[in-house]
Amino acid sequence: MATQSIDGPNRGSLLSDQRTRAIIFQALAFFLVAVFFIYIGTNTARNLEALGISTGFGFLDSPAGYDVAMSLIPYTATDTHGRVFFVGLLNTLSVAVTGIIAATILGVILGVLRLSKNWLVSKLVYWYVEVVRNVPLLLQILFWYGVLLGLPRVRDAIPVFETMFLSNRGFYLPKPIPGDGMGLIIIAFFVAIIAVPIIARAARKRQEQTGQIFPVFWTSAALIIGLPALAAIVTGFPLTFDYPEKGGFNFRGGMVLRPEFVALWFSLSIYTAGFIAEIVRAGIQAVSHGQTEAAFSLGLKPNWTMRMIVLPQALRVIVPPLTSQYLNLTKNSSLAIAIGYPDLVSTFGGTSLNQTGQAIEIIMITMLVYLTISLLISMLMNYYNKRIALVER
């Protein structure tokens, strides 16, 4: 009697294979999404053409025709809208990067102090976290901006060490002017930065082999400060300063941190630091108390226990939610438009949009910029998270 293969009847069916079926459904879903966006795009282009509105990115080469209050690169009103884009992008990145650094430092310190055995310190941090986290960020930005605008006028500016001045127009600082030998100092600084992880890796290997602890932090700090200082001595200190001086109704010389930047940066930093403090506290408490008791039984000091035992294990709990806070800070920087800080949304996404009428193109570019920044932050934090993750043997 003839025998029939078990999978004979279904052998020729494509849908019987799970992998093939998944590929077919994914291709179908991709096709439907592509058709949807093509329909939206053609319909939008047809409507814009009917209204007489031109499309394209040619407007980026046309003169902007307006000034920007703060620019990290040379800019005049005769420059193009493309130049405005880079001005706003750099202003956004300056607030986001400095805000992330300040919020991380402050948040980690507050998170550790939140667990302090000192009742007063613990309660002060507790109320700071509760107040900062429960007041809308926009109100905090407006509050601190109002405080800075309430400072004395230029003629009554508050001197700080006789070289810096604080007024309602901003914080005036000496402007560094690099000389001919500044390149060697910069090279020395980057050499020190590169040497720090090498020293840390060697110290960790030495500790695993001998049990002896090497002062990595103080050695790294001395290297980062000392090597550029040595290069400065060799080159004869090729750095001079242009100090601000009162002249009429404003200051001449120096550099200024405008109230808009300070208010936005300070608000973003203290607001995000409140969330980071709770993340750090939760991460520390997630580490078994037996780890701390074991460290104390071996004679480790409390600060060594926190730095070498608790925090390395807590980072595995801290890093994922910390990434979300970095992303929130970066996106919340768009609230700068409320106080007139010239970030990407305020300049390119605001004034340039009103002048050119290219709403779709400008909004699309702005969205892609924030998406790219967010993806880069996520990629870096995910890479760091994988580096510190526990590896099963």
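See the structure above.
Residues numbered from 1 in each chain as written. Predicted model: local features only at pLDDT ≥ 70, side-chain atom pairs only at ≥ 80, totals over all residues. Heavy atoms only, no water.

Undergrad: Describe a positive patch on the surface, with residues and values.
TA: There is a patch of like positive charges on the surface, built from R201, R204, K205 and R387. In this fold, R204 is placed in helix α5 (residues 182-210). What makes R204 partly exposed here is its relative accessible area of 48%. (Patch = residues over 30% accessible without salt bridge, like charges linked within 9 Å, V, L, I, M, F, W, Y side chains within 5 Å. Areas by Shrake-Rupley, 256 points an atom, 1.4 Å probe, with all protein chains shown as cover. Salt bridge = Lys/Arg side-chain N within 4 Å of Asp/Glu carboxyl O. Lys, Arg positive; Asp, Glu negative; His and termini not counted. Charge placed at Lys NZ, Arg CZ, Asp CG, Glu CD. Helix = DSSP H or I, 4+ residues; strand = E, 2+ residues; numbered from the N terminus. Buried < 20%, exposed > 50% of the residue type's maximum accessible area, 1.4 Å probe, protein only.)

Undergrad: Requested: an account of the sheet that holds strand β1 (residues 158-160), with residues and values cited.
TA: The antiparallel open sheet is built from 4 strands, whose spatial order is β1-β2-β3-β8. Each edge of the sheet is formed by a strand with only one pairing partner; in this case those strands are β1 and β8 (255-257). Here the strands of the sheet are splayed against their neighbours by 25° on average, with no regard to which way each runs. Where β1 and strand β2 (residues 164-167) come together, 3 bridges link them in antiparallel fashion. Note on β2: the bridge partner recorded for V160 is M164. (Pairing = 2+ DSSP bridges. Axes fitted to C-alpha atoms, helices over the stretch in contact; angles between N-to-C directions.)

Undergrad: Would you mind going over the environment of V160 in detail, with residue names and values included?
TA: Mapped onto the elements of the fold, V160 is located in strand β1. Separated by 11 residues in the primary sequence, V160 and F171 have C-alpha atoms spaced 9.8 Å apart.

Undergrad: Would you mind going over the pairing of β2 in detail, with residue names and values included?
TA: Remark: 3 residues form the turn of the hairpin made by β1 and β2, two consecutive strands paired antiparallel; F161 in that turn has positive phi of roughly 60°. Pairing geometry for β2 and strand β3 (residues 170-173), over 3 bridges, is antiparallel. Note on β3: the bridge partner recorded for S167 is G170. Count of turn residues in the β2/β3 antiparallel hairpin: 2 residues.

Undergrad: Summarise the environment of V84; cite the residues concerned and give the values.
TA: Mapped onto the elements, V84 comes out in helix α2 (residues 81-113). When neighbours within four sequence positions are excluded, V84 is seen to be in contact with A64, Y66, Y75, T347, F348 and S352. (Contact = heavy atoms within 4.5 Å.)

Undergrad: So what's going on with a nonpolar patch on the surface? Which residues, and what values?
TA: A cluster of nonpolar residues, L72, L90, L93, V97, I101, I105, I109 and L113, forms a patch on the protein surface that exposes about 660 Å² of accessible area. Of note, V97 is situated in helix α2. Take V97: its relative accessible area is 47%, and that puts it in the partly exposed class.

Undergrad: Which residues make up the pattern of salt bridges, and what values do they have?
TA: If you walk through the whole model with that rule in mind, you get 2 salt bridges. R133 serves as the salt-bridge partner of E130, at 3.6 Å between the closest nitrogen and oxygen. Taken as a pair, E130 and R133 lie in helix α3 (residues 119-134) at a separation of 3 residues, close to a single helical turn. The exposure class of E130 is partly exposed, given its relative accessible area of 24%. By relative accessible area, R133 is classed as partly exposed at 27%. In this structure, the salt-bridge partner of R281 is E278, at a minimum N-O distance of 2.9 Å. Placement of both R281 and E278 in helix α7 (residues 259-286) is noted, with a separation of 3 residues, approximately one turn of the helix.

Undergrad: Would you mind going over the nonpolar core in detail, with residue names and values included?
TA: Core analysis: the biggest nonpolar cluster contains 50 residues, and L264, Y341 and F348 have the highest contact counts within it. At the level of secondary structure, the elements contributing two or more residues to this core comprise α2, α4 (137-149), α7, α9 (302-332), α10 (347-356) and α11 (359-388). Examining the composition of this core, we find that 9 residues originate from one element, α7, more than from any other. (Core = buried A, V, L, I, M, F, W, Y, C linked by side-chain atoms within 4.5 Å.)

Undergrad: An account of the side chain of S374 is needed here, citing residue identities and associated values.
TA: Structurally, S374 can be placed in helix α11. S374 sits in the buried class, given a relative accessible area of 13%. There is a polar contact of 2.9 Å between the side chain of S374 and the backbone oxygen of Y370. Contact partners of S374, with chain neighbours within four places excluded, come to L327 and K331. (Polar contact = N/O pair within 3.5 Å; in protein donor to acceptor, adjacent residues only side chain to side chain.)

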